[in-house]
Amino acid sequence: MAENMLDQSSEYLKFQLEQAQKWESLCSRCGACCGVLDGDPCRNLQKGPDGRYHCRIYETRFGLQQTKGGRLFRCVPIRDILNDSWPGRNQCRYIRSGNS
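Cut-offs used in this document
- Residues numbered from 1 in each chain as written.
- Predicted model: local features only at pLDDT ≥ 70, side-chain atom pairs only at ≥ 80, totals over all residues.
- Heavy atoms only, no water.
- Disulfide = S-S within 2.5 Å.
- Buried < 20%, exposed > 50% of the residue type's maximum accessible area, 1.4 Å probe, protein only.
- Helix = DSSP H or I, 4+ residues; strand = E, 2+ residues; numbered from the N terminus.
- Contact = heavy atoms within 4.5 Å.

Trainee: Even after reading the chapter, I still don't get the state of the cysteines, so can you show me in this structure?
Mentor: Each disulfide consists of a covalent bond between the sulfur atoms of two cysteine residues. Taken as a whole, this structure holds zero disulfides when the rule is applied. Unpaired in this structure, C34 has its nearest cysteine sulfur neighbour in C33, at a distance of 3.9 Å. Exposure remark for C34: the relative accessible area of 31% places this residue in the partly exposed category. With no disulfide partner, C92 has as its closest neighbouring cysteine sulfur the one in C30, 6.0 Å distant. With relative accessibility at 6%, the residue C92 sits in the buried group.

Trainee: I'm lost on the environment of S28 in this one. Help?
Mentor: Inspection of the secondary structure puts S28 in the loop between helix 1 (2-25) and strand 1 (45-47). Counting along the chain gives 64 residues from S28 to C92, while the straight-line C-alpha distance between them is 7.7 Å. Excluding anything up to four places from it in sequence, S28 contacts R52 and R93.

Trainee: I'm lost on the side chain of Q65 in this one. Help?
Mentor: Summarising the element assignment, Q65 is placed in strand 3 (residues 63-66). Once you skip the residues sitting within four places of it in the chain, Q65 turns out to touch C42, N44, I57, T60, R71, L72, F73 and C75.

Written as structure tokens, this is what we have:
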């Protein structure tokens, strides 16, 4: 019985990882949700040579952060703001894909 529970737990963790990777793959790295289009982006946002934006602290980004202009804000998972109004919302691939 314990072995069966471990197998189920392992399968569930694998499923969660696959779902997270699928979700992450939707992002086009436009930077809109990180303030690029409102003129005061997060100070951790960097534009790559490919024109796409990347967070230099992506794995630890959630919580209190600061914009390049010095404004404090709370970085949250994109799912927390999908139903809010923000500059660039209409170009976000998460929203255009129907995941909001």
